[in-house]
There are 4 protein chains.
Amino acid sequence: MAGSTFGTIFKITTWGESHGKGIGVVIDGCPAGLSLSEEDIQCFLDRRKPGQSRYATQRKENDSVEILSGVFEGKTTGTPLSMLVWNQDQKSKDYSEIASYYRPGHADFTFDAKYGFRDYRGGGRSSGRETIGRVAAGAVAAKLLQQLGITCIAYTKSIGPVEAKSFDVTSIGKNPLFMPDENAAKEAERYLKSCMEQKDSAGGIIECVIDGMPAGIGDPVFEKLDANLAKAIFSIGAVKGFEIGDGFHAAYANGSENNDNFYLSEQNDIKTHTNHSGGVLGGISNGSQIVFRAAVKPTPSIAATQKTVTNSGEEIEISIHGRHDPIIVPRAVVVVESMALLTIADALLLNMSANLEKIRKFYQNP
Amino acid sequence: MAGSTFGTIFKITTWGESHGKGIGVVIDGCPAGLSLSEEDIQCFLDRRKPGQSRYATQRKENDSVEILSGVFEGKTTGTPLSMLVWNQDQKSKDYSEIASYYRPGHADFTFDAKYGFRDYRGGGRSSGRETIGRVAAGAVAAKLLQQLGITCIAYTKSIGPVEAKSFDVTSIGKNPLFMPDENAAKEAERYLKSCMEQKDSAGGIIECVIDGMPAGIGDPVFEKLDANLAKAIFSIGAVKGFEIGDGFHAAYANGSENNDNFYLSEQNDIKTHTNHSGGVLGGISNGSQIVFRAAVKPTPSIAATQKTVTNSGEEIEISIHGRHDPIIVPRAVVVVESMALLTIADALLLNMSANLEKIRKFYQNP
Amino acid sequence: MAGSTFGTIFKITTWGESHGKGIGVVIDGCPAGLSLSEEDIQCFLDRRKPGQSRYATQRKENDSVEILSGVFEGKTTGTPLSMLVWNQDQKSKDYSEIASYYRPGHADFTFDAKYGFRDYRGGGRSSGRETIGRVAAGAVAAKLLQQLGITCIAYTKSIGPVEAKSFDVTSIGKNPLFMPDENAAKEAERYLKSCMEQKDSAGGIIECVIDGMPAGIGDPVFEKLDANLAKAIFSIGAVKGFEIGDGFHAAYANGSENNDNFYLSEQNDIKTHTNHSGGVLGGISNGSQIVFRAAVKPTPSIAATQKTVTNSGEEIEISIHGRHDPIIVPRAVVVVESMALLTIADALLLNMSANLEKIRKFYQNP
Amino acid sequence: MAGSTFGTIFKITTWGESHGKGIGVVIDGCPAGLSLSEEDIQCFLDRRKPGQSRYATQRKENDSVEILSGVFEGKTTGTPLSMLVWNQDQKSKDYSEIASYYRPGHADFTFDAKYGFRDYRGGGRSSGRETIGRVAAGAVAAKLLQQLGITCIAYTKSIGPVEAKSFDVTSIGKNPLFMPDENAAKEAERYLKSCMEQKDSAGGIIECVIDGMPAGIGDPVFEKLDANLAKAIFSIGAVKGFEIGDGFHAAYANGSENNDNFYLSEQNDIKTHTNHSGGVLGGISNGSQIVFRAAVKPTPSIAATQKTVTNSGEEIEISIHGRHDPIIVPRAVVVVESMALLTIADALLLNMSANLEKIRKFYQNP
């Protein structure tokens, strides 16, 4: 089935495999009149580029984006934005080996079960490179939301047992792990080093915070804002858990702790002092900061010996070598941010038709 | 925006408010030829009916379902199934009070922010009664999946600090909390009693297990099976967290623990001994049991004093009395099960067009 | 597949069969704050009610609508509007005969081919009664568009060889055929009388005109306003042709005749003197009147002898008696109008997100 | 809004402007295992290439397609197929003139009304070049349907007053107008020559025939097969009318003529001798040939003098010179065929979930 499209009004469709000709995305439904350049996209893509630290793969990737349509004289036209990144690294020899067996923790077996065969080169469509399209689209959503005073930032909350204790936004960009806590980052680096020595890998938790979200965005029932965020984040490979606000902690709390009481701000806005809800009540934003977390599993490709089965139905032992990050989290941070931005942008555009009074005003004072 | 529809092929649309004339659902896309009676639906609805224990509200609800269309001579016709439950309890007086202020932890404020006003009677559209439509549809999905050898069961994993230690499927139906562990259930009842004495409420965790799922169901990228389950479960009011397989625990594990190694069964099927993935790899089922958990927040309506704000912008103190469960979890168990059933049914129908060989066979040997 | 839902934002789902318990529709995505009563719906439904003339079936139908949800204190709440009409006429005996064979020109055979069996009572889901849901929804769309200064009117352009020569809007409601030309109406009545005498039926053409449509509504490429109108109108049973503006006539014209030249109105609006385009250029409204026509085939149920085949594969001759209109057109007029209203309403709501400047204004001056 | 996506399961998204970097399409939902090469696509694209006759524009276009993803070792993988055609002709000078005024019969004005500005180069997104993406996708649908024994062919039925009298399928490819009647083609060429001498243009009618369609495909109510064909064909620029089977003629016929009586074939299949319905009853295919026609308006760009208005609100007279076909029809033939193929392919894949018996068989005998 068609599974590569996300969004209702601000709609993206991604395409491309790890070792095909390229990776791309088409954004359909981006409003007209948004200033946009390839630099705007590139700065987002560069955040997922490997080789920024020794805990990310050393392969030379040069993911430079080309805008092929939808921008005229520096502004979006309202018609589809097509963006393309050519794959540099198309030689398949280093991957041909994995064609014959199913790597534990990967989608090799499930792709064969569904489609009868697969593009085995570097994971094909299930490779992390698929996220290039999401991030390119996320960069456009970020520019759009900027115009409405909404910002979104994701960062590494924990790596294995090492959790960020403090929150210093400036330090997020300073360390290769995107942690908002320098000391935790250093400790996490030591932890990853030991994982690599043991031919093993680690997981972690990514947190994302959205500021400036007006109250009243999202829909009741099935299109709840948090439900769409959950789907968006869970659509990222390796994500195994999602929680908003107090999340799983709320399952252990009492109502008196978990409820956020309302008060009136000096501007007479209805606010809450606490934010256990994470900014969403009944699926609709309440004007507080939106805060959620994603649990990311350890990199499944490890050098340690594993048992598996071949296409031809033979049990074997394997040890996966080559260029693999011991941790997915740091490169996934910008992907989480991008999926959140896309979800929020779509919800804001959808929300414009909620209220007759505002529709009448929209059409009567163009 | 239209937020009350769920699914692509097996598509449901729910309608109705807590104190309107009734609650209902339309299922469009249910295959023709499925034997279906009102009893099939009723037995599911009865599982969410309150008054089964003193930890559920005592109000008399008599939610008997009527099938209005889509069934002829005992079988589904392939055209829309419309199901209706009349509301017994339409007098608004006991709710008129809450019209004037915003209950903490409820959607009162966010509905006003979005729509400009709201049906305040008993929570209106954001009431738990909205789930009647989901459960009625879930019952139909269950019958459909039965035909394909797929079963789904949800139960209470924990209530507040009390966790089910053992798993005895027969005891799930025996205690009013739907826990698979009699001793834990008794302990949980004591815990809830103390919550009520303190005018407070509790949360908990629901677990759901799907058996008989073939490998190869679900789609890569945005329509991952686990992403759709995450959205389905998060669309249930009060859910604050979702995880599959090891979930958040995987963020602390190493790859060598988290990967499920493959082996060949005696029937030469490719299987895994462990199930850290929860039955999904790369968004596609791998043939293992699908296992996920949902975190449910405490009932927001509590008798303890809370601070809030009125429509007219006045800060007040409130204490919510009346018939409120101190815990949402037990009544949400069948809702979680229903949303999972709906997600799985849709994924199975969508999957039929994945593979040309099977399509050719389908059309050449009708 | 789920085929009973129409629209993207203003989304309707119809259900019900001719002789089931009832017929209904759920509207999801109707903006909040629209004044709505059952009378608003009923006056639309009454326009499709038979028994208004001797050219419509004489069966007593009393299609009174009930609003079950989505309206509170006289206004739409923004949540799903569920509307229901009970079927009065559920006894199946007069229809049991047609269970055994396939009526020419009807969907009996194709339903069996698709679903394996069918609800044969009065055509089941393919009965004209299915349009009750469309018309009820159309009435809501009409009220919504009224608020934006947009009106829509459909009428009978021709019946068999008899065409309306003049256009007198006041006379549309005065004759049972809904023709805007009294003399043509009288002539058409004579023609229908002769058809009945010959145990035969007639077809005709319905024209629809939309006034007050702003320029800029609709989308390029696949969601062209006229493409969505074409689908909407073609989804009405018995429609065999659709054209907009000059329609098929344009295929015989030259560019110099067919192009509508632009001029500046006194209000400095860009207008056209002619309207060969029918109000749509490149799939987007140009501010002119939208004008389209639908060709409706003759009633397939005729008393004349026809050849057909039975379920059990026997060739037989049949003659269909009972209460059948010799013409579908007059009862379809309000259905055409309703489908047009639904299409236009959805397009207007979708259009709100086209232009960044207007989105910014929308969110910055709430 | 996102208007560049077509289809539910076999879903395509087109992008690109006449004078942007390129034009492309992403097909998502194409089944895995279909043999596909760039040659398969190119032979379709070449049918819309101009310069095949002196009645098509003389500009050098070299539209060679590149498959960027979704094919591995010569077969579709089930993941998105991305196809790209680079634009050769990106210099804007010959088009800069039209930036300042609105061409009658074109979308210049409506794009400005919707988006606030437009890519004016060669019509931008509303250019005929947008159809390159549709045709590339149509070629894939054709290969898929071939596997199921379904073929589709479109041709020129009439040009201006000149109608094809005979039907000789072999001659369709032999004349530059794609008419199935050599004599009519010659006469039409003479007619077009005279149009050009008068600085004018002509319209025409395209007919399309689909063979091998099984009975039972399509859905009742809103997703009728003919309704989706109507939308598909009306989404092609310049189409002003669509009819199926007898179409508008049926509005003048009697039921006794219009009904297709059923009989039993020697293979005991239920057939009809006549085909007034055009192969669809109640929105579902009946196993007959599907036959429909589209009315195409004359090329709006003509050398004759026209009145229009400038961006700056000035009334002017214009005469459009440069490389414009006097007729759109011949180049639109393959586009009509492609849109029909896409509609049919999607309907066939959607239909697989209609019937429980077949679903059970599908999953129980994989």
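Please read these numbers as outputs of a predicted model, since none were measured by experiment.

Draft legend 1. Spatial organisation of the relation of the copies chain A and chain D. When chain A is fitted to chain D, the residual RMSD is 0.0 Å, and the transformation amounts to a turn of 180° plus an axial shift of 0.0 Å. In the structure described here, the two chain copies are related by an operation that fits a two-fold rotation axis. A symmetric contact is evident, with 100% of the interface residues of chain A recurring at the interface of chain D.

Draft legend 2. Region of the structure containing the packing of helix H4 (residues 131-146) of chain D against helix H9 (residues 329-350) of chain D. Residue and element names in this part refer to chain D. Contact geometry of H4 with H9 gives a least axis separation of 8 Å together with a crossing angle of 50°. In this view, H4 runs oblique relative to H9, as classed from their interaxial angle. In the crossing of H4 with H9, the sense of the turn from one axis to the other is left-handed. For the pair formed by H4 and H9, the contact residues are Thr-131, Arg-134, Val-135, Ala-137, Gly-138, Ala-141, Ala-142, Leu-144 and Leu-145 on the first element and Val-334, Val-335, Ser-338, Met-339, Leu-341, Leu-342, Ile-344, Ala-345 and Leu-348 on the second. Looking at the contact of H4 with H9 residue by residue, the classes come out as 14 nonpolar, 3 polar and 1 charged.

Draft legend 3. Spatial organisation of the pattern of salt bridges. Using the criterion set out here, one finds 80 salt bridges over all chains in the structure. Across the pair Glu-317 of chain A and Lys-307 of chain A runs a salt bridge, and its minimum N-O distance is 3.7 Å. Placement of Glu-317 of chain A in strand S18 (residues 315-319) and of Lys-307 of chain A in strand S17 (residues 305-309) is noted, with a sequence separation of 10 residues between them. For Glu-317 of chain A, a relative accessible area of 57% puts it in the exposed group. Here Lys-143 of chain B and Asp-40 of chain B are joined by a salt bridge, their closest N and O atoms 3.3 Å apart. In this pair, Lys-143 of chain B sits in helix H4 (residues 131-146) while Asp-40 of chain B sits in helix H1 (residues 38-48), placing the two residues 103 residues apart along the sequence. One network of salt bridges, with partners in common, ties together Arg-103, Asp-108, Asp-112 and Arg-118 of chain A.

Draft legend 4. View of the confidence of the model for chain A. The share of residues in chain A with pLDDT of 70 or more is 94%, and the mean pLDDT across the chain is 93. Complex prediction metrics read pTM 0.97 and ipTM 0.96.

Draft legend 5. Highlighting the sheet that holds strand S11 (residues 239-244) of chain C. Here we have 10 strands laid out as an open sheet, ordered S9(C)-S8(C)-S10(C)-S16(C)-S11(C)-S11(D)-S16(D)-S10(D)-S8(D)-S9(D), and antiparallel in their pairing. Only two strands of the sheet have a single neighbouring strand rather than two, namely strand S9 (162-163) of chain C together with strand S9 (162-163) of chain D. Pairing of strand S8 (residues 151-159) of chain D with strand S10 (residues 204-211) of chain D involves 8 bridges; the strand directions are antiparallel. Along S10 of chain D, the bridge assignment pairs Ile-159 of chain D with Gly-204 of chain D. Across the sheet, helix H7 (residues 225-234) of chain C is in contact with S11 and strand S16 (290-296) of chain C together with strand S11 (239-244) of chain D; its angle to S11 of chain C comes to roughly 155°.

Draft legend 6. Structural detail: the relation of the copies chain D and chain C. Rotating chain D by 180° about the axis while translating it 0.0 Å along that axis superimposes it on chain C, leaving an RMSD of 0.0 Å. Interface overlap between copies: 100% of the residues of chain D at the interface are likewise at the interface in chain C, consistent with a symmetric, same-surface contact.

Draft legend 7. Quick peek at the interface of chain D and chain C. Contacts between the two partners involve 105 residues from chain D, matched on the other side by 107 residues from chain C. Interface area, chain D with chain C, both sides summed: about 8,400 Å², of which 62% is carbon and sulfur. In this assembly, chain D and chain C are joined by 4 salt bridges. The salt bridge partner of Lys-231 of chain D is Glu-223 of chain C, with a shortest N-O separation of 3.0 Å. Where chain D touches chain C, the interface holds 44 residue pairs in polar contact (both at pLDDT 80 or more). Split by residue class, the side of chain D that touches chain C holds 48 nonpolar, 38 polar and 19 charged. Of the strand pairs in this sheet, S11 of chain C and S11 of chain D are connected by 3 bridges, and their pairing is antiparallel. When the bridges of S11 of chain D are listed, Phe-242 of chain C appears paired with Phe-242 of chain D.

Draft legend 8. Just helix H3 (residues 108-115) of chain A, in detail. In terms of burial, H3 of chain A is largely enclosed, as 7 of its 8 residues are buried. All of the buried residues in H3 of chain A are Asp-108, Phe-109, Thr-110, Phe-111, Asp-112, Lys-114 and Tyr-115 of chain A. Tucked into the core, H3 of chain A has its buried residues touching strand S12 (262-264), strand S13 (270-272), strand S14 (280-281) and strand S15 (284-285) of chain B.

Draft legend 9. Looking closely at the pairing of strand S16 (residues 290-296) of chain B. Residue and element names in this part refer to chain B. Among the 7 residues that make up S16, 7 are buried, leaving the element largely enclosed by the rest of the structure. With burial as the criterion, each face of S16 is covered, one bearing Ile-290, Phe-292, Ala-294 and Val-296 and the other bearing Val-291, Arg-293 and Ala-295. Here strand S10 (residues 204-211) pairs with S16 via 7 bridges, running antiparallel. Across the sheet, the residue bridging to Ile-210 is Ile-290, located in S16. Note that strand S11 (residues 239-244) and S16 share 5 bridges and pair antiparallel. Considered in S16, the bridge of Phe-242 is made with Ala-294.

About the thresholds
- Residues numbered from 1 in each chain as written.
- Chains lettered and ligands numbered in written order.
- Predicted model: local features only at pLDDT ≥ 70, side-chain atom pairs only at ≥ 80, totals over all residues.
- Heavy atoms only, no water.
- Least-squares fit on C-alpha atoms with pLDDT ≥ 70 in both.
- Contact = heavy atoms within 4.5 Å.
- Axes fitted to C-alpha atoms, helices over the stretch in contact; angles between N-to-C directions.
- Helix = DSSP H or I, 4+ residues; strand = E, 2+ residues; numbered from the N terminus.
- Parallel < 35°, antiparallel > 145°, perpendicular 65-115°, else oblique.
- Left-handed = near helix turned anticlockwise from the far one by under 90°.
- Nonpolar A, V, L, I, M, F, W, Y, C, P; charged D, E, K, R; others polar.
- Salt bridge = Lys/Arg side-chain N within 4 Å of Asp/Glu carboxyl O.
- Buried < 20%, exposed > 50% of the residue type's maximum accessible area, 1.4 Å probe, protein only.
- pLDDT = per-residue confidence, 0-100.
- Pairing = 2+ DSSP bridges.
- Buried area = accessible area lost by both parts, 1.4 Å probe.
- Polar contact = N/O pair within 3.5 Å; in protein donor to acceptor, adjacent residues only side chain to side chain.

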